[in-house]
Each structure stands twice: as structure tokens, then as C-alpha cells.
Amino acid sequence: MSNERRGLFGVEGTGDTSGYGGLVPAKPLSAVVGSEPPYGGYFDELVEHLTEVSEPDTIQAVVVDRGELTIHVAPDAVAKVCRTLRDDPELRFELCANVSGVDYPDQAQRLHVVYELASMTYRRHVRLETAVSVEDPHVASVTAVYPTADWQEREAYDMFGVVFDGHPNLTRILMPDDWEGHPQRKDYPLGGIPVEYKNGAEIPPPDERRAYYR
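Residues numbered from 1 in each chain as written. Predicted model: local features only at pLDDT ≥ 70, side-chain atom pairs only at ≥ 80, totals over all residues. Heavy atoms only, no water.

Caption draft 1: Structural view of the sheet that holds strand β1 (residues 59-65). Spatially, the five strands line up as an open sheet ordered β1-β2-β5-β4-β3, and their pairing is mixed. Edge positions in the sheet fall to β1 and β3 (95-103), since each of these pairs with one other strand and no more. Strand-to-strand twist across the sheet, computed as the mean angle between neighbouring axes with direction ignored, equals 20°. As paired elements, strand β4 (residues 111-119) and strand β5 (residues 124-132) share nine bridges and run antiparallel to each other. Bridge pairing links His112 to Ala131 in β5. In the packing of helix α1 (residues 43-53) onto the sheet, the strands contacted are β1, β2 (68-73) and β5, and the crossing angle to β2 comes to about 15°. Lying over the sheet, helix α3 (residues 149-160) contacts β3 and β4, oriented at roughly 5° with respect to β3. (Pairing = 2+ DSSP bridges. Helix = DSSP H or I, 4+ residues; strand = E, 2+ residues; numbered from the N terminus. Axes fitted to C-alpha atoms, helices over the stretch in contact; angles between N-to-C directions. Contact = heavy atoms within 4.5 Å.)

Laid out in C-alpha cells, this is it:
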């Protein structure tokens, strides 16, 4: 067995055993490319009905990829769309399973928020997505529609800096209240300082973490 010090993804000789040094950037996604109908399955019925009951320009794009439906909506319309998806008897998406943030630094509207919704009545799944800029990172909160989104919106605010208008208590949830920056943005430095949590726990920067051998 070799005693050569190696990190994740085959990284070696840099002192960085976290693996970050071996990551290869993905091809930039400059804009959302919508799919052309028909989408297949229940997707056509869902999109058609949601378009009929929504205000103009609410739905910005529809993407079907690997058998999954993503509907891109305007940031100020997210809560209205979620309420429609939940309450309309032909839709009935009662559960918001997850809210997460994504950063696409090559896009003008680089901060995306993704909502995973499920219909327990019809056993269907749909993904909502919206995008805002760093300069105007405001999205309508969906906590009044889906209370489960409370902590998840706080995490997206903490990690990405998305401001959820109407949230009852939009404060940091992982980082200290006085922390500067948003650690999951792509331009946030990966190392050099430890990560501190509210409960006193601390994770050292990547170059000081434990080395693993293989």
C-alpha cells in the first residue's frame, strides 16, 4: 500500500486533500433553453391548465429533461403559482418537499431557487424554478402556502443571499448572524478561514483538514 498523500478526485501534491483542486468546471449555462410541446405524459395537461389560470408572463419557460418537468416562473409570482398548484382541484400539489438555491455565475440572473413539489392526490411531481440577480435578489416567500419552506428559505438566504419577501423571520440559520458573504456562491473563497457555526462548532479550512490515504 502506497503512503503517497492523495486527496479526492485524484488530487495530489497540492496540499489540498479536500478534492476541490481536482474539480473541473462544467460547461457554462448561459440561458434556460425551453422544451417544445408536446411534453408527454401528464406534463402537457399540467402546463396547459397552469398557463390558463395564471397571469400573463408568469410562466417563462418549460423544460423537460430526463423525464422530469421544470417550470420556470417569474420571481414575484412564485407564491401565487404555488398557491394555485396546491389549491386547484385539478392540480393538488399539497407538499413542498424541498427549496434549494443554485448559483450560475455566467448568467445575468445567476441566483436560482428551485422548489420540488409533489401531489399526494395524483401522485405527480413538478419542479418550479425562478432566477434573480445578485443586485436584486428578491423572490416571493412561499411559507404562507407551504410552512415546510420556512427553514429551507432561510438556508437559501444564508448560503446564497436570496431575499424571500414576506418570510416571517428571514435570518441566518447556519452561519453566525454577523457573517459576511454567502458561502455557497461560486465566487466565495473555498479555503483560508475556518467555518464557524452558531453552536460553537468549527470546521478548519480545506488545507488544514485531515488527509486520507488509499
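Caption draft 2: Spotlight on the layout of surface pockets. Looking at the second largest pocket, its volume works out to about 410 Å³. Lining the second largest pocket are 17 residues, with Val63, Asp65, Thr70, His72 and Glu129 positioned closest to its centre. Here the residues of the lining of the second largest pocket sort into seven nonpolar, four polar and six charged. (1 Å grid on protein atoms, 1.4 Å probe; cavity = no way out; pocket = protein on both sides within 12 Å on 5 of 7 lines; lining within 4 Å. Points joined across faces, edges and corners; volume = space filled by probe spheres on them. Nonpolar A, V, L, I, M, F, W, Y, C, P; charged D, E, K, R; others polar.)

Caption draft 3: Structural view of the nonpolar core. Within the largest apolar cluster, 41 residues are counted, with the highest numbers of intra-cluster contacts made by Ile71, Leu85, Tyr115, Leu117 and Leu128. Among the elements of the structure, α1, β2, α2 (78-87), β3, β4, β5, β6 (138-140) and α3 are those that each provide at least two residues to this core. The element contributing the most residues to this core is α2, with five residues. What Leu117 contacts, discounting residues up to four positions off in sequence, is Cys82, Leu85, Phe93, Leu95, Cys96, Arg124, His125, Val126, Leu128 and Tyr146. (Core = buried A, V, L, I, M, F, W, Y, C linked by side-chain atoms within 4.5 Å. Buried < 20%, exposed > 50% of the residue type's maximum accessible area, 1.4 Å probe, protein only.)

Caption draft 4: Focus on the environment of Ala97. Residue placement: Ala97 occurs in strand β3. Considering only alpha carbons, one finds Ala97 and Ala149, 52 residues apart in sequence, at a separation of 8.2 Å. Aside from chain neighbours lying at most four places away, what touches Ala97 is Glu116 and Gln152.

Caption draft 5: A look at the packing of aromatic side chains. Going through the model one piece at a time under the given rule, you end up with one aromatic pair. Here Tyr42 and Phe43 contribute two aromatic rings whose centre-to-centre distance is 4.9 Å and whose plane-to-plane angle is 85°, an arrangement assigned as edge-to-face. For Phe43, a relative accessible area of 9% gives the class buried. Over the face of the ring belonging to Tyr122 we find Arg124, whose NZ or CZ atom lies 5.6 Å from the ring centre. (Phe/Tyr/Trp six-rings, centres within 6.5 Å; stacked < 30°, edge-to-face > 60°. Lys NZ or Arg CZ within 6 Å of the ring centre and 35° of its normal.)

Caption draft 6: Region of the structure containing the pattern of salt bridges. Throughout the structure, instances matching the rule amount to nine salt bridges. Put simply, Lys80 and Glu55 hold a salt bridge, and the shortest N to O gap is 3.8 Å. Within this pair, whereas Lys80 is found in helix α2, its partner Glu55 is found in the loop between α1 and β1, the two being separated by 25 residues in sequence. Like Glu55, Lys80 is exposed. A salt bridge links Arg110 to Asp103, with the nearest nitrogen and oxygen atoms 2.6 Å apart. The exposure classification of Arg110 matches that of Asp103, with both residues buried. (Salt bridge = Lys/Arg side-chain N within 4 Å of Asp/Glu carboxyl O.)

Taken by themselves, the reported measurements are silent on function.
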